[in-house]
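The chain contents come next:
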Amino acid sequence: MGVWHFVEKNLQQVLFLTWEHIFMVALSLIIATAIGVPLGILITKKVNLAKRVINSANIIMTVPSIALFGLMMPILALVGQGLGKVPAIVALVLYSQLPIIRNTYVAIKNVPPSLRDAGKGMGMNKWELLKEVEIPIAVPVIIAGLRTAAVMNIGIAAIAAYIGAGGLGVYIQQGIDRVYPEMIISGAVLVSLFAILVDGLMAGVEHLLTPKGIQLQKRSAQ
Amino acid sequence: MKKLSAKMYNMLLLLLVFACGVALEKTGTIAFLTDPYNYPELMRLLFQHFYLVAISMAIATTTGLVIGISLTRSGLRKYSGIVMYIVGLGQTIPSLAVLALAMSFLGIGTKPAIFALTIYSILPIARNTLAGIRAVPVSTIDAAKGMGMTSVGILFNVELPMAMKVILTGFRVALVINIGTAALAYLIGAGGMGDWIFSGIDMMMTDKLLAGAIPVTLMALLADFLVELLSALLVSRGLRLSEE
C-alpha cells in the first residue's frame with residue numbers, strides 16, 4: 001500500500017510527469033506520422049527506393065535506445081541541445097519511422113489490383129485513386145503501425161529520463177538512485193499502465209477507422 | 001538515371017562513414033578505446049554484457065519454444081488465446097519498468113537483471129513459435145499423418161521446419177531488444193556496456209559515452225546480421241524458393 005500512498009501524496013507531481021510523458025510521445029508521433037506516411041506512400045511508387053528506405057529504418061530500429069541517445073548527444077550538443085526534450089523527441093521520431101513506413105508501404109501495396117482497376121475504370125486520376133481507394137483501405141494497417149510506434153515510444157521516453165527529458169521515467173531513475181522502492185514501483189507501474197492504456201485506445205481507433213465494408217468482410221470471414 | 005542515384009547513394013554512405021571517423025577522432029573516442037589503461041575495463045564490461053545476453057537468451061529461447069510448442073498441442077490449444085493475450089500485454093510493458101520492478105522485488109546485481117531480461121525475451125519467441133506452427137497448412141499435416149508419422153515426428157519433421165522462419169524472426173527481435181535492454185542493466189548493478197554510457201552522460205564525458213554506445217550498437221547490428229545468416233542456413237531451401 002506504500003505505492004498508493006506515494007502516488008496520493010505526490011499527485012501534483014505525478015500528473016505533471018504524466019503530462020510530460022504524454023507530450024513527448026504525442027509530439028514525436030505527430031512528427032513521425034507527418035514524415036513516415038508520405039514517405040511510405042512515396043516508396044510504393046518507386047520500388048528501388050523502397051528497399052533502401054525500409055532497410056535504413058530497420059537499422060535505426062536495431063540501435064539500442066540508450067546507445068542512440070548517447071550517439072546523438074555530441075551531435076545535438078553542437079546546437080546546444082544535447083540534453084533534455086529535444087534529443088528525446090528526435091530519437092522517438094527516428095524509432096517510429098520503421099513501423100509507420102513499413103505498415104504504410106505494405107498496406108498500400110496490398111490493395112487488391114482489381115479495386116485499383118475499378119477506380120481507374122471509373123475515370124479516377126492518380127490522386128483520386130490514392131485519396132478515394134488506396135488510403136481508406138490502408139488506414140487500419142497504418143493505424144496499427146502507429147499503435148506499435150506509440151507503445152514503443154512510451155517505453156523509450158521512460159529511458160529518456162536519463163538524459164533529462166523528464167516524464168514518468170524520472171520516478172524510476174530517482175527511485176533507483178535513492179533506493180526508494182515505492183517510488184520505483186509507482187514509476188514502473190504508471191508507465192506500464194500508460195502503455196497498456198494507449199495500446200487499448202489505439203486498438204479502438206483502429207476499429208473505428210476501418211471502413212464498414214472491410215469490417216463486414218472480416219466478420220464474415222471469421 | 002538508376003545508375004546515377006545508386007552511385008550518389010554509395011557516395012553518401014562513404015561520406016557518412018568518413019564523417020563518423022572524423023567525429024570519433026575529434027571527440028577522443030578512438031584515443032579512449034585504444035588507451036591501454038582502459039583495455040581491461042573494456043574487456044570486463046564487454047564480457048559482462050555478453051554474459052547477461054547469453055544466459056538470458058539461452059533460458060528464454062528454451063522456455064519460449066516449450067511454451068509456444070505446448071500451446072499448439074491438442075490438449076492445451078484452448079488456452080492459447082488467453083496466454084497470447086497475456087504475452088501481448090506483457091510486451092507493451094516498457095523494458096525499463098520490467099528491470100525496475102525486478103530490482104525492487106529481487107534486489108540489485110546480475111541475478112535480477114538476468115531474470116528481467118529472460119522474462120522480456122520469452123515473449124516474442126513464444127508468440128512467434130505459436131504463430132509459426134499455427135500457420136502450417138492443415139493439408140500438409142494431414143499429408144504427414146497419411147504417411148504414418150507420429151505427432152512427435154510431425155512436430156520435428158513438418159511443423160518446426162515450416163515454422164522456422166517465423167521462429168527465427170521472433171528470436172532476432174528478442175535478441176536485439178535483449179542487447180539494448182542489457183545496456184540498462186547497469187542501472188540495477190549488473191554492469192555491462194551501460195556502465196560507460198551512463199557514466200559518460202553523468203560526467204559529460206563524450207569519449208566515454210561514445211566508447212560505450214558504439215560497441216553496444218555494433219553488437220546489436222552484428223547479432224541482427226548473424227541471425228539473418230542463421231536463417232539462411234536453417235530455413236529449408238524449398239521454403240526459401242517458394243517465397244521468391
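Model, not experiment: these values are computed from the prediction.

## Regarding the overall build of chain A
Counting its regular elements, chain A contains ten helices and zero strands. Scanning chain A from its N terminus toward the C terminus, one meets helices and strands in the order α-α-α-α-α-α-α-α-α-α. Considered along the principal axes of its C-alpha atoms, chain A spans approximately 70 × 45 × 25 Å. Across the 222 residues of chain A, 49% fall into the buried class. Within chain A, contacts between residues at least 6 apart in sequence are counted, and of these 76% link residues at least 24 apart. Charged side chains in chain A number 17 positive and 10 negative. The centres of these two groups are separated by 11 Å.

## A look at the pattern of salt bridges
By the definition in use, this model includes ten salt bridges over all chains. Between K131 of chain A and E132 of chain A there is a salt bridge, and its shortest N-O distance comes to 3.8 Å. Taking the shortest distance from any N to any O, the salt bridge between R172 of chain B and E228 of chain B comes out at 2.4 Å. One end of the pair, R172 of chain B, is in helix α8 (residues 151-182); the other, E228 of chain B, is in helix α10 (residues 206-234), with 56 residues separating them in the sequence. Overall, the relative accessible area of 23% leaves R172 of chain B in the partly exposed class.

## So, the packing of aromatic side chains
Residues and elements named next belong to chain A. Summed over all chains, the structure comprises seven aromatic pairs over all chains. Judged by centre distance (5.2 Å) and plane angle (75°), the ring pair of F6 and Y171 falls under edge-to-face. Within this pair, whereas F6 is found in helix α1 (residues 2-9), its partner Y171 is found in helix α8 (residues 169-178), the two being separated by 165 residues in sequence. Among the aromatic residues, those joined into a ring-pair cluster are F6, Y171 and Y180.

## Here's the deal with the nonpolar core
Counting 101 residues, the largest nonpolar core has I66, F69 and I176 of chain A together with L52, L96, I179 and L184 of chain B as its most contacted members. Considering every element that reaches this core, the biggest residue donor is helix α7 (residues 126-159) of chain A, with 13 residues. Counting eight residues, the second largest nonpolar core, distinct from the first, contains I43, I54, A57 and L98 of chain A.

## A few points about the confidence of the model for chain A
Taken over all residues, the pLDDT of chain A has a mean of 88, while the share at 70 or more is 98%. Least confident of the elements in chain A is helix α10 (residues 212-221) of chain A, whose mean pLDDT is 72; most confident is helix α2 (residues 11-45) of chain A, at 93.

## Looking at the interface of chain B and chain A
Across the boundary between the two partners, chain B contributes 35 residues, which contact 30 residues of chain A. Both sides of the chain B and chain A interface together cover about 2,900 Å² of buried area, and 83% of this is carbon and sulfur. Applying the counting criterion to the chain B and chain A interface returns zero salt bridges. Secondary-structure elements contributing two or more residues to the side of chain B that touches chain A are α1 (2-27), α4 (80-92), α5 (95-106), α8, α9 (194-203) and α10 of chain B. Looking at the side of chain B that touches chain A residue by residue, the class counts come to 27 nonpolar, six polar and two charged.

## A short note on the environment of T169 of chain B
Topologically, T169 of chain B is positioned in helix α8. Sequence separation between T169 of chain B and V17 of chain B is 152 residues; the distance between their C-alpha atoms is 29 Å.

## Some words on the packing of helix α3 (residues 47-62) of chain A against helix α5 (residues 85-109) of chain A
Residues and elements named next belong to chain A. Two elements in contact, α3 and α5, have axes whose closest approach is 8 Å; the angle formed by their N-to-C orientations is 145°. Considering only the axes of α3 and α5, their crossing is left-handed. Contact residues: α3 offers V47, A50, V53, I54, A57, N58, I60 and M61, while α5 offers L94, Y95, L98, P99, I101, Y105 and K109. Of the residues belonging to the contact of α3 with α5, the class tally is 13 nonpolar, one polar and one charged.

## Things to note about the packing of α2 of chain A against α3 of chain A
Residue and element names in this part refer to chain A. As a packed pair, α2 and α3 sit with axes 6 Å apart at the nearest point and diverge in direction by 140°. With respect to their mutual orientation, α2 and α3 come out oblique. Counted together, L39, I43 and K45 of α2 and V47, L49, A50, V53 and I54 of α3 form the full contact between these two elements. Tallied by class, residues from the contact of α2 with α3 come to seven nonpolar, no polar and one charged.

## Quick word on the confidence of the model for chain B
Low-pLDDT portions of the prediction should not be read for the details of their coordinates. Per-chain confidence: chain B averages 88 in pLDDT, with 98% of residues scoring 70 or above. Looking over chain B, one finds the lowest element-wise mean pLDDT in helix α11 (residues 237-243) of chain B, namely 73, and the highest in helix α3 (residues 39-70) of chain B, namely 93.

Thresholds applied
- Residue indices begin from 1 for each chain and proceed along its sequence in written order.
- Key to labels: chains lettered from A, ligands numbered from 1, both in the order written.
- Totals for whole chains, interfaces and linings use all residues, but because this is a predicted model, local features are given only for residues with pLDDT of at least 70 and pairs of side-chain atoms are given and counted only at 80 or more.
- The basis for every side-chain value is the complete set of heavy atoms in the structure, and neither hydrogens nor water enter the calculation.
- In this description a helix means any DSSP run of H or I spanning at least four residues, a strand means any run of E spanning at least two, and both kinds are numbered starting from the N terminus.
- Exposure classes here rest on a 1.4 Å probe applied to the protein chains alone. A residue is buried below 20% of its type maximum, exposed above 50%, and partly exposed in between.
- Contact definition: two residues touch when any of their heavy atoms are within 4.5 Å.
- His is not counted here, nor are the chain ends, while Lys and Arg score as positive and Asp and Glu score as negative.
- Note on charges: their place is set at NZ of Lys, CZ of Arg, CG of Asp or CD of Glu.
- One speaks of a salt bridge when a side-chain nitrogen belonging to Lys or Arg is within 4 Å of a carboxyl oxygen belonging to Asp or Glu.
- Only Phe, Tyr and Trp rings are paired, with Trp represented by its six-membered ring, and only when their centres lie within 6.5 Å; those with planes under 30 degrees apart are stacked, over 60 edge-to-face, the remainder tilted.
- Each nonpolar core is a collection of buried residues, namely Ala, Val, Leu, Ile, Met, Phe, Trp, Tyr and Cys, held together in the definition by side-chain atoms within 4.5 Å.
- What pLDDT conveys is the predictor's confidence in a given residue, as a value from 0 to 100.
- Summed over both partners, the accessible surface that disappears when two parts come together, traced with a 1.4 Å probe, is what is meant by buried area.
- Just so you know the grouping, Ala, Val, Leu, Ile, Met, Phe, Trp, Tyr, Cys and Pro go in nonpolar, Asp, Glu, Lys and Arg go in charged, and all remaining residues, Gly too, go in polar.
- Whenever a helix is involved, its axis is fitted only over the stretch in contact; in every case the axis is a line through C-alpha atoms, and angles between N-to-C directions fall within 0 to 180 degrees.
- Here a crossing is called left-handed whenever its near helix is offset anticlockwise from the far helix by less than a right angle, and right-handed whenever the offset is clockwise.
- Any angle that falls under 35 degrees is termed roughly parallel, while one over 145 is termed roughly antiparallel, one within 65 to 115 roughly perpendicular, and all others oblique.

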